[in-house]
Amino acid sequence: MAEKRSLGHEFTKGILKENPVLRLVLGTCPTLATTTSLESAIGMGLSAALVLVCSNIVISALRKVIPQKVRIPCYIVVIAGFVTIVQMLVQAFLPALDEQLGVYLPLIVVNCIILGRAEAFAGKNPVVASALDGLGMGVGFTAALTVMGGVRELLGAGSLMGFRILPESIPPMTIFILAPGGFFVFGLLMACANRLAERKGKPKAELGCAGCPMAQSCASAQKGEAACDKKEASGK
């Protein structure tokens, strides 16, 4: 049961608590560059997630074989192999997406999220846990890009996936598909994610003076304690 809970934790932690984009602030460059539209955001997220899961599995399986001194070059070779496969698939079946992503698709090789998970987790843990860790981080990365791309395209172009959503009477705010709008949306989403993560991990506060962090130095709390002592003394 404990193992099941830990495996579940390895998957869920990357969705919100340790979201690679909104909480750990990794992969910011491709995040801002590829979220000008919902289509490119989803394409980038899924491509990176596929590479992340596959590379985590292979690196974890070979963790006892790869020499410690050359582990980083070995990790990069494994990641580069999967990036090449994904790039070839995208070029063959989704040429329009390949055009939108441009240089950022092959640059997944040096994405710090993927290399970071290989170094911090896959190189030290079993295959199943590493696969779930990669899947959770990939889902979190894709979700962050999807929300950001959707907001930017909707406000900046008035459409989603090429379909007009906002009425033509409402002029689009093109700043949202430019760099300043990207940073603005990114900052708002980070604030929301941090707030949600803090609320989720925060224990329920005790009512009254006991739940106050300033209880020890608070005059009201001291008066309350004195009144309680007096009551107990008179009861005796």
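The rules behind each value
Residues numbered from 1 in each chain as written. Predicted model: local features only at pLDDT ≥ 70, side-chain atom pairs only at ≥ 80, totals over all residues. Heavy atoms only, no water. pLDDT = per-residue confidence, 0-100. Contact = heavy atoms within 4.5 Å. Core = buried A, V, L, I, M, F, W, Y, C linked by side-chain atoms within 4.5 Å. Buried < 20%, exposed > 50% of the residue type's maximum accessible area, 1.4 Å probe, protein only. Helix = DSSP H or I, 4+ residues; strand = E, 2+ residues; numbered from the N terminus. Expected span 1.5 Å × (residues − 1). UniProt positions renumbered as here; feature names shortened; annotations may be inferred. Polar contact = N/O pair within 3.5 Å; in protein donor to acceptor, adjacent residues only side chain to side chain. Phe/Tyr/Trp six-rings, centres within 6.5 Å; stacked < 30°, edge-to-face > 60°. Axes fitted to C-alpha atoms, helices over the stretch in contact; angles between N-to-C directions. Parallel < 35°, antiparallel > 145°, perpendicular 65-115°, else oblique. Left-handed = near helix turned anticlockwise from the far one by under 90°. Nonpolar A, V, L, I, M, F, W, Y, C, P; charged D, E, K, R; others polar. Salt bridge = Lys/Arg side-chain N within 4 Å of Asp/Glu carboxyl O.

1. Section: the confidence of the model for the protein chain
- Summing up the model confidence of the protein chain, the mean pLDDT is 86 and the portion of residues at 70 or higher is 83%.
- Taken together, the stretch residues 204–208 has pLDDT below 50 and engages in one contact with residues farther than four places along the chain or on a different chain.

2. Let's talk about the nonpolar core
- By size, the foremost hydrophobic cluster in this structure holds 30 residues, and its most contacted members are Val 21, Leu 22, Val 51, Ile 108 and Phe 186.
- Broken down by secondary-structure element, the contributors of at least two residues to this core are α3 (38–61), α4 (71–93), α5 (95–101), α6 (112–122), α7 (127–157) and α8 (179–201).
- Ile 108 has contacts with Met 44, Ser 47, Ala 48, Val 51, Ile 79, Val 83 and Ile 114, leaving out every residue within four places of it along the chain.
- With six residues, the next largest nonpolar core counts Ile 59, Ile 66, Tyr 75 and Ala 118 among its residues.

3. Re α4
- For α4, spanning 23 residues, the distance from its first C-alpha to its last is 33 Å, which sits close to the expected 33 Å at 1.5 Å a residue.
- Buried residues of α4: Tyr 75, Val 78, Ile 79, Val 83, Val 86 and Val 90, and no others.
- In the core, the buried residues of α4 are packed alongside α3, α5 and α6.

4. Observations regarding the UniProt feature "transmembrane region" (unreviewed entry) in the protein chain
- In the numbering used here, UniProt assigns the feature "transmembrane region" (unreviewed entry) to residues 41–62, 74–97, 103–122, 134–155 and 175–197.
- Counted over residues 134–155, helix gives 100% and strand 0%. Its end C-alpha atoms are 32 Å apart.
- Secondary structure within residues 175–197 divides into 83% helix and 0% strand; the distance between the first and last C-alpha atoms comes to 29 Å.

5. Structural notes on the side chain of Thr 35
- For Thr 35, the position within the fold is in the loop between α2 (28–34) and α3.
- For Thr 35, a relative accessible area of 0% puts it in the buried group.
- A polar side-chain atom of Thr 35 sits 2.7 Å from the main-chain carbonyl oxygen of Thr 31.
- In this view, Thr 35 contacts Ala 41, Leu 145, Met 148, Gly 149 and Arg 152; residues no more than four positions away in its chain are not counted.

6. Re the packing of aromatic side chains
- According to the stated counting rule, one finds one aromatic pair in the structure shown.
- Considering the side-chain rings of Phe 176 and Phe 184, the 6.2 Å spacing of their centres and the 65° angle between planes classify their relative orientation as edge-to-face.

7. Side note on the packing of α4 against α6
- Across the interface, α4 lies against α6 with an axial gap of 10 Å and an inter-helix angle of 130°. Judged by the inter-axis angle, α4 sits oblique to α6. For the element pair α4 and α6, the recorded crossing hand is right-handed. Between α4 and α6, the residues in contact are Arg 71, Ile 72, Tyr 75, Ile 76 and Ile 79 and Ile 114, Leu 115, Ala 118 and Glu 119, respectively.
- Across the contact of α4 with α6, the residue classes break down as seven nonpolar, no polar and two charged.

8. As for the pattern of salt bridges
- Per the stated rule, a full pass over the model turns up four salt bridges.
- With a closest N to O distance of 3.0 Å, Glu 119 and Arg 71 form a salt bridge. Here Glu 119, found in helix α6, pairs with Arg 71, found in helix α4; they are 48 residues apart in sequence, far enough to count as distant.
- Judged by relative accessible area, which is 23%, Arg 71 ranks as partly exposed.
- With its nearest N and O atoms 2.8 Å apart, the salt bridge here joins Arg 117 to Asp 133. Pair noted here: Arg 117 is in helix α6 and Asp 133 is in helix α7, with a separation of 16 residues, a long-range link. Each member of the pair, Arg 117 as well as Asp 133, is classed as buried.

9. A look at the side chain of Thr 142
- Within the fold, Thr 142 resides in helix α7.
- Once residues lying within four places of it in the same chain are set aside, the contact partners of Thr 142 are Gly 45, Leu 46 and Ala 49.

10. Examining unusual backbone geometry
- A positive phi is found at Val 25, a non-glycine position, where the angle reads about 55°.
- Relative to the assigned elements, Val 25 resides in the loop between α1 (2–12) and α2.
- Note on Val 25: relative accessible area 38%, which makes it partly exposed.
- Phi is positive for Met 161, which is not a glycine, with a value near 55°.
- With a relative accessible area of 42%, Met 161 lands in the partly exposed category.

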